[in-house]
Amino acid sequence: MPVTRRAFSCRSLALAAFLPLGLAACAQSEASVSPFSEPERADTSALGKDPRLLVMTTRRSTGNAAPFFNTDRGPLTFAEVRLSPPGRGIAGRVSSAVSGDWAVLGVSRETTGDAARAFSDAVNGRDVLLYIHGFNETFETAARSAGQLSHSLEFQGRTALFTWPSGGKLFDYAYDRESALWSRDGFVQSLQALVANPTVGRIHIVAHSMGTFLTLEGLRELRESREIYARIGSVVLASPDVDIDAFEQTVKKLGPLAQRMTVIIDPGDRALAVSARIAGGVARAGAADRSRLEELGVRVADTSGRGWSMLRHDLFLSNSEVTQVVRRAMDRGG
């Protein structure tokens, strides 16, 4: 897929402004592949045909008014969110012109009572793509990313988003990390509910940046639940913003599930360079030495020199070659 304007978003530009201050590594060559080298193709994903995104969230609801779910912490909630793919309908054309992404049209269903059960029932006997977003994301940007990922993968099951209460601001790193950890119970309940429904197929997890921290914490808590591990097809950790020492410690506790993990890394990831500086200089797993990660039994995809991105932090969404890494991981887990 061609790079959307999301790659030039305000949050990326704001973070990039810190680079001259020495908080990140020196810039490397941005482009070996033109971001405009591929034509737009028709959406053949199930979400493109029926654009209802399943959402599990620990954000507080704002009701039927935008932004629908805000930055505050709230009860675990299930919702069905109506999306409009880029270029489809008036809202879609406006969204494409402004952001190049999917548009969030509204919430058609919202449940807080037994939210996990409602989520599981809504999957309705199909495989699940469960996306967990990273740092500095609003509900809307996270939903757009889930739509874009499903479209790029041409996923034929149900696409779901687990969205936690990120502050959606550059300087909310500490709040985001605490909110991600606070949301662990909700994430665990969501997985448990999916597995409790025998009609649900394979569960494919794709987590990005700080969302990988939440994902690993949840999977670690479930390490004694063999039936859950058995139903997980693949786990893709894109640019994991996790202390490399903590990453090693956690993955070693996940047993055979590590063999179904794919870690997408880039030593030139500028966002992770900033995170490492904030963390006292400890390398993040998404920019760690490849051999160190492979010793854990996970598959590693190094995106150095691939594609174009200002921060090199979201290539799994913006570059077709990197997206296919996710696709192959899911095929192996299927």
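Residues numbered from 1 in each chain as written. Predicted model: local features only at pLDDT ≥ 70, side-chain atom pairs only at ≥ 80, totals over all residues. Heavy atoms only, no water.

Chemist: Quick question: what am I supposed to make of the overall build of the chain here?
Modeler: For the chain, the helix and strand inventory stands at 14 helices and nine strands. Burial analysis of the chain (334 residues in total) assigns 59% to the buried set. Taking all contacts inside the chain whose residues are at least 6 apart in sequence as the whole, residues at least 24 apart take part in 78%. As presented, the chain carries roughly 13,300 Å² of accessible surface, and 51% of it is formed by carbon and sulfur atoms. (Helix = DSSP H or I, 4+ residues; strand = E, 2+ residues; numbered from the N terminus. Buried < 20%, exposed > 50% of the residue type's maximum accessible area, 1.4 Å probe, protein only. Contact = heavy atoms within 4.5 Å. Areas by Shrake-Rupley, 256 points an atom, 1.4 Å probe, with all protein chains shown as cover.)

Chemist: Sorry, what's going on with helix H14 (residues 320–333) here?
Modeler: Compared with the 20 Å implied by 1.5 Å per residue over 14 residues, the 20 Å span of H14 between its first and last C-alpha is a close match. Taken as a whole, H14 has its buried residues at Ser320, Val322, Thr323, Val325, Val326, Arg327, Ala329, Met330 and Gly333. Where H14 begins, the capping side chain belongs to Asn319, and its oxygen is found 3.1 Å from the backbone nitrogen of Glu321. (Expected span 1.5 Å × (residues − 1). Polar contact = N/O pair within 3.5 Å; in protein donor to acceptor, adjacent residues only side chain to side chain.)

Chemist: Would you take a moment to explain the sheet that holds strand S1 (residues 52–61) for this structure?
Modeler: Across a sheet, paired strands are connected by hydrogen bonds in the backbone, their directions being either parallel or antiparallel. Reading across from one edge, S3-S2-S1-S5-S4-S6-S7-S8-S9 is the order of the nine strands in this open sheet, with mixed pairing throughout. At either end of the open sheet lies a strand with only one pairing partner, and these are strand S3 (103–111) and strand S9 (299–302). Each neighbouring strand pair of the sheet contributes to a mean axis angle of 25 degrees, computed without reference to strand direction. Bridge analysis of strand S4 (residues 128–132) against strand S6 (residues 203–208) gives five bridges, and the strand direction is parallel. Each residue of the ladder has a partner; that of Ile132, found in S6, is Ala207. Sheet strands touched by helix H4 (residues 115–123): S1, strand S2 (69–84), S3, S4 and strand S5 (158–163). Its angle to S2, the strand with the most contacts, is close to 20 degrees. Against the sheet, helix H6 (residues 173–182) contacts S1 and S2, and its axis sits at roughly 80 degrees relative to S2. (Pairing = 2+ DSSP bridges. Axes fitted to C-alpha atoms, helices over the stretch in contact; angles between N-to-C directions.)

Chemist: Teacher, can you tell me more about helix H7 (residues 184–196) here?
Modeler: Every α-helix carries 3.6 residues per turn, so stepping three or four residues along brings you back to the same face. Taking 1.5 Å of rise per residue, the 13 residues of H7 would be expected to cover 18 Å, and the 18 Å separating its terminal C-alpha atoms lies within 8% of that figure. Where H7 is concerned, the buried positions are Gly186, Phe187, Val188, Ser190, Leu191, Ala193, Leu194 and Val195.

Chemist: What should I look at first to understand the confidence of the model for the chain in this one?
Modeler: As a general rule, the predicted coordinates of low-pLDDT regions are not to be interpreted in detail. Per-residue pLDDT for the chain has a mean of 84; in total, 81% of the residues score no lower than 70. Ignoring residues within four places in sequence, the model shows residues 1–42, a span with pLDDT below 50, making 83 contacts including any to other chains. Under a pLDDT of 50 for its full length, residues 91–99 has, in the predicted model, 24 contacts with residues more than four places off or in other chains. (pLDDT = per-residue confidence, 0-100.)

Chemist: Is there a simple way to explain the environment of Val123 in this structure?
Modeler: Structurally, the position occupied by Val123 is in helix H4. Look at Val123 and you get buried, because its relative accessible area is 0%. In this structure, Val123 is in contact with Leu54, Val128, Arg158, Leu194 and Val200, ignoring residues within four places of it in sequence.

Chemist: Looking at this structure, how should I read the packing of H4 against H7?
Modeler: Helix-helix packing is characterised by the crossing angle of the two axes and by the distance between the axes. Running from N to C, H4 and H7 point in directions that differ by 45 degrees, and their axes come no closer than 8 Å. Comparing their axes, H7 and H4 come out oblique. As for the relative orientation of H4 and H7, their crossing is right-handed in sense. Packed against H4, whose contacting residues are Ala116, Arg117, Phe119, Ser120 and Val123, the element H7 presents Gln189, Ser190, Ala193 and Leu194 at the interface. In the contact of H4 with H7, the residues fall into five nonpolar, three polar and one charged. (Parallel < 35°, antiparallel > 145°, perpendicular 65-115°, else oblique. Left-handed = near helix turned anticlockwise from the far one by under 90°. Nonpolar A, V, L, I, M, F, W, Y, C, P; charged D, E, K, R; others polar.)

Chemist: Can you walk me through the nonpolar core in this structure?
Modeler: Ranked by internal contacts, the top residues of the largest apolar core, which has 56 residues, are Ile132, Phe162, Ile205, Leu219, Phe247, Met261 and Leu293. Excluding anything up to four places from it in sequence, Met261 contacts Leu216, Leu219, Val235, Leu237, Val251, Leu254, Val298 and Arg299. Membership of the second largest hydrophobic core comes to 34 residues, among which are Ala146, Leu149, Leu153 and Leu161. (Core = buried A, V, L, I, M, F, W, Y, C linked by side-chain atoms within 4.5 Å.)

Chemist: Just to check I follow, could you spell out unusual backbone geometry for this structure?
Modeler: Across residues other than glycine, the phi torsion is negative in most instances, and most of the peptide bonds are trans. A cis amide bond links Ala66 with the next residue in sequence, Pro67, at an omega value of 10 degrees. Within the secondary structure, Pro67 sits in the loop between S1 and S2. Positive phi values are uncommon outside glycine, yet Phe68 reaches one of about 75 degrees. Turning to its location among the elements, Phe68 is positioned in the loop between S1 and S2. The exposure class assigned to Phe68 is buried, which follows from its relative accessible area of 9%. Unlike most non-glycine residues, Ser239 shows phi in positive territory, near 50 degrees. By the secondary structure assignment, Ser239 is in the loop between strand S7 (232–238) and helix H10 (244–252). With relative accessibility at 7%, the residue Ser239 sits in the buried group.

Chemist: How do you make sense of empty space enclosed by the protein when you look at a structure like this?
Modeler: One water molecule sets the probe size; rolling that probe over the atoms shows where empty space is left. Counted by the stated rule, this structure contains two cavities of 30 Å³ or more. Size it by volume and the second largest cavity reaches roughly 40 Å³. Around the second largest cavity, the lining residues are Ala238, Ser239, Ile264, Asp266, Thr303, Arg312, His313, Asp314, Leu315 and Phe316. Residues of the lining of the second largest cavity, tallied by class, amount to four nonpolar, three polar and three charged. (1 Å grid on protein atoms, 1.4 Å probe; cavity = no way out; pocket = protein on both sides within 12 Å on 5 of 7 lines; lining within 4 Å. Points joined across faces, edges and corners; volume = space filled by probe spheres on them.)

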